[in-house]
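# Remarks on the overall topology
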Amino acid sequence: MKHLLRTSLFLLLVSCGPKNRPTPISSDIATTLEMARSRPTPERATVRVTVKVKSDPLGVAGSTGGGLVVDRPGRLFLEVFGPLGSSLVKVASDGTGLSVLLPKDERQLLAPSAEEALREISGGAIGLDDLAGLLVGDLPFDAAELKATHVLEDGRHQAELVAPGGIQVVADLEPAIGTPIHVVARDQDGVTMVEANFGPFEADESGMLWPTEVEVLLPAVELTSSLRYKTWKPVDEAPPVFDLTAPEGFTTEDLEEALRGLAPPPAE
């Protein structure tokens, strides 16, 4: 388990030479960012997925089918099936807590205050709904301030932002439709907290854009999850799958301690 370190190092450049000028912000890229932030995204849907997941701490690795339910803000459910169709792992969030069920081992990892823990370690920048939003192609960090812009060689627009708590965000965006291609958030010392890569987006009959593939990496907890989506199905009401109660006979372990263990040590 890697710990995020808070040292907040600042390089003070003092010389008689000319000072570095701030990178100019392109109005075109600022427009693309605004398009990404204002683009309607799915709030409540179910979808069948092909999942590749790997986490050494959780003892989970494999590629198989699964199901995803998203009910924003903050509620999500992901079930990964084993080779014979049995449940390999179930991840559920009720908007406040987070549960990881490992049915084969009759084991649960539970963080009853996961939202609070994530906000604490990220200076308020990341919560459960940000993770749920990533899965439906929503660009997180709405409160982040735009600091610099770039046009990359392949034509994508890149925005550098600073979120509350000093979180550094780099977002590569598709300029034509304002969808994310790659998003990475790093702490004050440049250590990656969360990273996401997006496949192409497809429009449904209403014009809503849905991602076809999302890969989410949480390096600090050694978790990589790649989801390839089949047909999305918007729903008026999500199924009741967000209960964090462990089945009878399961052993419950503390996931929240692991989440809070990612927090940087207090400044001396």
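Residues numbered from 1 in each chain as written. Predicted model: local features only at pLDDT ≥ 70, side-chain atom pairs only at ≥ 80, totals over all residues. Heavy atoms only, no water.

## Considerations on the pattern of salt bridges
Stated precisely, the cut-off is as follows: Basic side-chain nitrogens of Lys or Arg form a salt bridge, by our definition, when they fall within 4 Å of a carboxyl oxygen of Asp or Glu. Only DSSP runs of H or I reaching four residues or more are called helices, and only runs of E reaching two or more are called strands; each is numbered from the N terminus. Exposure categories follow from relative accessible area, calculated using a 1.4 Å probe and restricted to protein chains: below 20% of the type maximum is buried, above 50% is exposed, and the middle band is partly exposed.
Throughout the structure, instances matching the rule amount to 12 salt bridges. A salt bridge links R156 to D172; the nearest nitrogen and oxygen atoms lie 3.2 Å apart. You can see R156 sitting in the loop between strand 7 (145–151) and strand 8 (157–163) and its partner D172 sitting in strand 9 (residues 167–174), a full 16 residues away along the chain. Of the residues examined, R156 reaches a relative accessible area of 22% and is grouped as partly exposed. One network of salt bridges, with partners in common, ties together R44, D71 and R75.

## Looking at the pairing of strand 11 (residues 192–198)
Both faces of the sheet carry side chains from a regular strand, because those side chains alternate between them. This is how the line gets drawn: When DSSP finds at least two bridges between two strands, those strands are taken to pair.
Across the seven residues of strand 11, five count as buried, placing the element largely inside the fold. The antiparallel hairpin formed by strand 10 (residues 179–186) and strand 11 contains five residues in its connecting segment, where G190 sits at a positive phi of about 85°. Pairing of strand 11 with strand 14 (residues 213–218) involves four bridges; the strand directions are antiparallel. Across the sheet, the residue bridging to F198 is V214, located in strand 14.

## Examining the nonpolar core
The following threshold applies: Nonpolar cores are built from buried Ala, Val, Leu, Ile, Met, Phe, Trp, Tyr and Cys residues. Side-chain atoms within 4.5 Å join them into one set. Contacts were defined at the residue level, with two residues in contact if any of their heavy atoms lie within 4.5 Å.
Membership of the largest hydrophobic core comes to 54 residues, with the highest contact counts inside it found for V49, L68, F141, V169, Y229 and W232. The dominant element in this core, judged by the number of residues it contributes, is strand 1 (residues 44–55), at five residues. Among residues more than four places away in sequence, those in contact with W232 are A45, T46, V47, L68, L135, V136, W210 and P211. Judged by nonpolar contacts, the second largest core, of seven residues, contains V69, A92, L110 and A238.

## Regarding the side chain of T32
Definition in use: Polar contacts, as counted here, are pairs of nitrogen or oxygen atoms within 3.5 Å of one another; within protein the pair requires one atom able to donate a hydrogen and one able to accept it, and residues that are adjacent in sequence qualify only if both atoms are side-chain atoms.
Mapped onto the elements, T32 comes out in helix 1 (residues 27–38). Overall, the relative accessible area of 3% leaves T32 in the buried class. There is a polar contact of 2.8 Å between the side chain of T32 and the side chain of H157. Excluding residues that lie within four positions of it along the chain, T32 makes contacts with H157, L173, E174, P175 and G178.

## Some points on the environment of V100
Relative to the elements of secondary structure, V100 occurs in strand 5 (residues 98–102). Since its relative accessible area comes to 7%, V100 is described here as buried. For the pair V100 and A111, spaced 11 residues apart in the sequence, the C-alpha separation amounts to 8.9 Å.

## Section: helix 3 (residues 128–135)
Burial analysis of helix 3 places six of its eight residues in the buried class, which makes it a mostly covered element. Burial in helix 3 covers these residues: L128, D130, A132, G133, L134 and L135. G137 sits one or two residues past helix 3 and shows a positive phi near 85°.

## Re unusual backbone geometry
Cis rather than trans, the peptide bond between R72 and P73 has omega equal to 10°. Looking at where P73 falls in the secondary structure, it is placed in the loop between strand 2 (60–71) and strand 3 (75–81). One non-glycine residue with positive phi stands out, namely F141, at about 65°. Position of F141 relative to the elements: it lies in the loop between helix 3 and strand 7. The exposure class assigned to F141 is buried, which follows from its relative accessible area of 8%.

## Considerations on the side chain of S87
Tracing the chain through its elements places S87 in strand 4 (residues 87–94). At 3.0 Å, the side chain of S87 forms a polar contact with the side chain of E79. If we ignore the near neighbours within four places in the chain, the residues touching S87 are E79, V80, F81 and P103.

## Section: the packing of aromatic side chains
Aromatic ring pairs are reported here in terms of the distance separating the ring centres and the angle at which the planes meet. Defined as follows: Side-chain rings of Phe, Tyr and Trp, where Trp is taken by its six-membered ring, are said to pair if the distance between their centres is within 6.5 Å; with planes under 30 degrees apart they count as stacked, over 60 as edge-to-face, and otherwise as tilted.
Throughout the structure, instances matching the rule amount to three aromatic pairs. Measuring from ring centre to ring centre gives 6.2 Å for F198 and F201, while their planes differ by 35°; the resulting arrangement is tilted. In this structure, F198 and F201 share a single accessibility class: buried. On the numbers, 4.9 Å between centres and 35° between planes, the contact of W210 with W232 is tilted. With W210 in strand 13 (residues 209–211) and W232 in strand 15 (residues 223–234), this residue pair connects regions lying 22 residues apart in the sequence. Exposure remark for W210: the relative accessible area of 7% places this residue in the buried category. Here the aromatic cluster, defined as three or more aromatic residues joined through ring pairs, consists of W210, Y229 and W232.

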